[in-house]
Amino acid sequence: MGGSTNVEHAVSSDGGGNGYLAGVTLEDFFEGTEEPAYVLTNEKRGIEHEDSDGERVVKPGSDYNAVAAVTDERVLLLVGGNDDGNGQNRSVSLPYTEIRSVETKSGMLKSRLTLTARTSDRYTFWLGGREDYGHVEEYVEQAISYWVTVDRRLEKAREHLSTVEDKLEDGDPARARTAINRTEELLEEAEQVARDFRDGDHAMHRRIAQLETRLSLARIRTHWTRARQLAGDAESARSEGEYVEAYETYRRSLAEYERAMDRSEGVEYHAADDMDAEVAGVEKAIDEVTGAPLRAATEACEAALDADDPETAVDRWETALDACHEALTLCLRREDVFDGDPDSLRFQVEWTAQKLVEAHRTVADEARDRGDAARETGDAAAAPEAYDRAREHYESARQVAAEFRSCDPERFERALADLPEEIDTERVDTLA
């Protein structure tokens, strides 16, 4: 029986000869969803193999046949119970990506199928009769074209995935995303070719799926890397007191974590627990940042109340006023984010301003008293210095008071006017 192209033709064995192959069926050689398009057989001539060492012919043993199965994945050449003495089946698998060319030729008494591999090995499968096998040649050529097209796309996709991994190692997720986008395009193109070649699940799809899994992991890692970078940027902004920037950056970080976790669903990602822990840390940081301005204002006021001397009180009330004003501003701008009641914070700002004004007044009064005392004792150097100090703090008190409705700037204008502008050092010396 030779030259059958009927894919329904059963190639089987009863295990004791009288079949095409020794002890197995053709189906035993197929992998996964592999399907034959054509099955060709010959009874005696077997397969001729030509390489750099010469030509060899492998013929089937008695009661067996040679088989050429043209499938959707490869051309599988089999010789049943070959006659070289061991009686075992011989096989050669030629994936389409490894076939350089195919040729069929019909003669008066016999026909042949010739396959040339990329290694330059040549395999000739002899067929009986005068049947035209051009349709087999056409199928193999098309299969080669489809498989090579997919293979090239996948090879390029692998290169881009390697770039993704390199950029992530360099801490550059932006450029990693560019390579990911190109990888996605290549895999989509490969998927379209696979669909055009054959419906349903088959080997092309499985090869594409392997890279899609790798791409999914790369996407997860890219989002995770960016999330970590943003969390670090947010922490820096937080330490600088840039609470709005810190909040917004933490939120962006959390969004990247969420994208990474969404993509990790259904994927066995080794670091999922680590991501969960980091997300919890970012969520905690967001809660802390939203309360940080109010907390900073409260702590600054408490520190000012605990000041041991007037000079320290001035410095601390200045810090407290800035913190309270910052808390009020942020609450008014983003009441949906930052803690605090605007009315309460307005009151706290006014109260803090009064405390600062009084702290300046205390330092100024003490300096004025020192100046008066220096004049009385004839200390010509100390008096001007003390009066300058008093003038500095009365002026600061006046400026703060002028900014807030709860304070009286005129009080300090009068105090400034009462300070002596010039000191009669001769009179001071006479008094001494």
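Residues numbered from 1 in each chain as written. Predicted model: local features only at pLDDT ≥ 70, side-chain atom pairs only at ≥ 80, totals over all residues. Heavy atoms only, no water.

Draft legend 1. Summary view of the overall build of the protein chain. Regarding its fold elements, the protein chain presents 10 helices and nine strands. Computed over its C-alpha atoms, the radius of gyration of the protein chain comes to 44 Å, more than 25% above the 22 Å expected for a compact globule of 432 residues. Projected onto its principal axes, the C-alpha coordinates of the protein chain cover approximately 145 × 40 × 35 Å. Sorting the 432 residues of the protein chain into buried and exposed places 43% on the buried side. (Helix = DSSP H or I, 4+ residues; strand = E, 2+ residues; numbered from the N terminus. Rg over C-alpha atoms; globule rule 2.2 N^0.38 Å. Buried < 20%, exposed > 50% of the residue type's maximum accessible area, 1.4 Å probe, protein only.)

Draft legend 2. Structural view of the pairing of strand 3 (residues 54-58). Looking at chain direction, strand 2 (residues 47-51) and strand 3 are connected through five bridges and run antiparallel. Paired with D51 across the two strands is G54, which belongs to strand 3. Between the antiparallel neighbours strand 2 and strand 3 lie two residues. (Pairing = 2+ DSSP bridges.)

Draft legend 3. Up close: the sheet that holds strand 1 (residues 36-42). Strand order in the open sheet made by the four strands is 1-4-5-6, with antiparallel pairing throughout. Among the strands making up the open sheet, the edge pair consists of strand 1 and strand 6 (90-95). On average, each strand axis in the sheet is inclined to that of its neighbour by 10°, with strand direction left out of account. Sheet topology note: the strand 4 (residues 66-71)/strand 5 (residues 74-79) ladder contains five bridges and is antiparallel. Across the sheet, A69 pairs through a bridge with L76, a residue of strand 5. In the packing of helix 1 (residues 134-169) onto the sheet, the strands contacted are strand 1, strand 4 and strand 5, and the crossing angle to strand 1 comes to about 130°. (Axes fitted to C-alpha atoms, helices over the stretch in contact; angles between N-to-C directions. Contact = heavy atoms within 4.5 Å.)

Draft legend 4. Expanded view of helix 5 (residues 272-305). End to end, helix 5 covers 48 Å across 34 residues, agreeing with the expected 50 Å (1.5 Å per residue, within 8%). The principal kink in helix 5, of about 50°, is found at A292, preceding the proline P293 by one to four residues. (Expected span 1.5 Å × (residues − 1). Bend = angle between axes of the 7 residues up to and from the residue.)

Draft legend 5. Representation of the environment of A304 in the model. Along the chain, A304 turns up in helix 5. Its relative accessible area of 3% is what places A304 among the buried residues. Between the alpha carbons of A304 and A359 there is a distance of 10.0 Å; along the sequence they are 55 residues apart. Excluding residues that lie within four positions of it along the chain, A304 makes contacts with R316 and W317.

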